[in-house]
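Each chain, letter by letter, is given below.
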Amino acid sequence: MAETLLRGSDITQRWGGLVAVNAVSIELERGSVHAVIGTNGAGKSTLINILSGEFPPTEGKIELLGQEATHWSQAKRARQGLGRSYQRNTIFPDFTVFENCRLAAQAQVQRPWVWWNNAQKCKHSVTAANHALELAGLMSVKERFAGLLSHGQKRQLEIAMCLAIQPKVLLLDEPLAGMGAEETDRMLELLASLKRDHAILLVEHDMDAVFRIADRITVMVNGSVIASDTPDQIRVNADVQTAYLGGH
Ligand SMILES: Nc1ncnc2c1ncn2[C@@H]1O[C@H](COP(=O)(O)OP(=O)(O)OP(=O)(O)O)[C@@H](O)[C@H]1O
C-alpha cells in the first residue's frame, strides 16, 4: 500500500476577505509525483507555502510522516524530512556548486554561527552534499561557480540543495520555469529518478510536462480543488476542461 508522507487536511487560508485556499485536502505519497495546477492566483503558491511552514493556515491540519506538524517551523519541518524549492533563485552565484550544496546540508545539522567553517571539518555535510550532487546529476560541474551554470543547471542545483538535507518529501515550486525543451527533459528525468524514494509535490505551469510526469493531478480554481485524479482522468474531466485546460 502507498505510504502517505505528507497530508494536508481541509487547509484554508484567508487574506482579509479573500479566501486564497479553500478547504483543500492533499496527500503526498512515496513513489509518486503529485502535481498541483491552476490558473494565476488559484492559490498554488499559498498552499505550498503553508505545507512548507512559511506560515500556518487559517484553518486545517498538516501531518508530516504521521506527526501533527501544522505549527512546526520551517526549520523543524526540514529536520523532519521536508525539502522545498522556490520560484525565485536561491543559490549563491559566487560559491561553487559544491559549496552551495554543502551550506544547504550544514544549515540543517549545525548552528548558524558555524556555517562558515572549513568544509572538510564537517564530514556529514560534505557527504550529504556529494550525495545530493550525485542524485541531481551535477558531479561534473561540482567545482564550477554556481553563477556560471546554465539556467537548467541552476534549477537542478536548487533541487540538489533540497536533497542535501536528505528529505523524504520534496515540494517543488515551478522547477521548469524558463527552461528549454532539452532542459525540461533532463529535469523530468531527474524527477522520475527521485520519486522512487520521495513523495513529490510539483506546482507547475508547463502542462505538457505535468501530464508527462505526474501520477496524480490536483486542479485548483479560485482557491478550491475542482478535481484530483490521474492525468488520464483529469484530461477528460469536463469541469477541468471548462475551467482551466481549454480542451488540452
Ligand atoms: N500575502 C498575501 N496577502 C494577501 N493576498 C495574498 C497574499 N499572497 C497571495 N495572495 C492572494 O491570494 C491569491 C492566491 O495567490 P497564489 O500566489 O497562491 O496563487 P498561485 O496559484 O500561486 O498563482 P501564480 O500561478 O500566479 O503563482 C491571489 O489572489 C493573491 O493575490
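Residues numbered from 1 in each chain as written. Predicted model: local features only at pLDDT ≥ 70, side-chain atom pairs only at ≥ 80, totals over all residues. Heavy atoms only, no water.

**Some points on the pairing of strand β10 (residues 224-229)**
Consideration 1: Where strand β9 (residues 216-221) lies against β10, 5 bridges are found, and the strand directions are antiparallel. The residue of β10 that forms the bridge with methionine 220 is valine 225.
Consideration 2: The antiparallel hairpin formed by β9 and β10 contains 2 residues in its connecting segment, where asparagine 222 sits at a positive phi of about 45°. (Pairing = 2+ DSSP bridges. Helix = DSSP H or I, 4+ residues; strand = E, 2+ residues; numbered from the N terminus.)

**Focus: the nonpolar core**
Consideration 1: In terms of nonpolar packing, the biggest core is built from 48 residues, with Cys101, Leu157, Ile159, Val210 and Ile217 touching the most fellow members.
Consideration 2: Counting residues per element, this core draws most heavily on helix α5 (residues 151-163), which supplies 6 residues.
Consideration 3: There are two domains that each give this core at least three residues, and those are domain 1 (1-81 + 168-248) and domain 2 (90-166).
Consideration 4: Apart from residues lying up to four places away in sequence, valine 210 is in contact with Ala35, Ile37, Glu204 and Ile217.
Consideration 5: Counting residues in each nonpolar core, the second largest holds 24 residues, with Ala42, Ile48, Leu51 and Met220 among its members. (Core = buried A, V, L, I, M, F, W, Y, C linked by side-chain atoms within 4.5 Å. Buried < 20%, exposed > 50% of the residue type's maximum accessible area, 1.4 Å probe, protein only. Domains from an automatic or database assignment. Contact = heavy atoms within 4.5 Å.)

**Notes on the site of the ligand**
Consideration 1: What surrounds the ligand is a group of 13 residues, the closest being Gly41, Gly43, Lys44, Ser45 and Thr46.
Consideration 2: At 3.0 Å from an oxygen atom of the ligand is found a main-chain nitrogen or oxygen belonging to alanine 42.
Consideration 3: One of the side-chain nitrogen or oxygen atoms of threonine 46 is found 2.6 Å away from an oxygen atom of the ligand.
Consideration 4: Surface burial for the ligand is 60%, taken as the share of its 630 Å² of free accessible area covered by protein chains. (Near = heavy atom within 4 Å. Polar contact = N/O pair within 3.5 Å; in protein donor to acceptor, adjacent residues only side chain to side chain. Areas by Shrake-Rupley, 256 points an atom, 1.4 Å probe, with all protein chains shown as cover.)

**Quick look at the sheet that holds strand β4 (residues 59-64)**
Consideration 1: The sheet built from 4 strands is open, its strands ordered β2-β1-β4-β5 with antiparallel pairing. With one partner strand each, in any of the chains shown, β2 (18-29) and β5 (67-68) form the two edges of the open sheet.
Consideration 2: Relative to β5, β4 runs antiparallel, the two being bridged by 2 bridges. Bridge assignment links glutamate 63 to a residue of β5, and that residue is glutamate 68.

**A closer look at α5**
Consideration 1: Here α5 contains 13 residues, and its C-alpha end-to-end distance of 19 Å stays within 8% of the 18 Å for a straight helix at 1.5 Å per residue.
Consideration 2: Burial runs high along α5: 11 of the 13 residues are buried.
Consideration 3: Of all the positions in α5, only Gly152, Gln153, Arg155, Gln156, Leu157, Glu158, Ile159, Ala160, Met161, Cys162 and Leu163 are classed as buried. (Expected span 1.5 Å × (residues − 1).)

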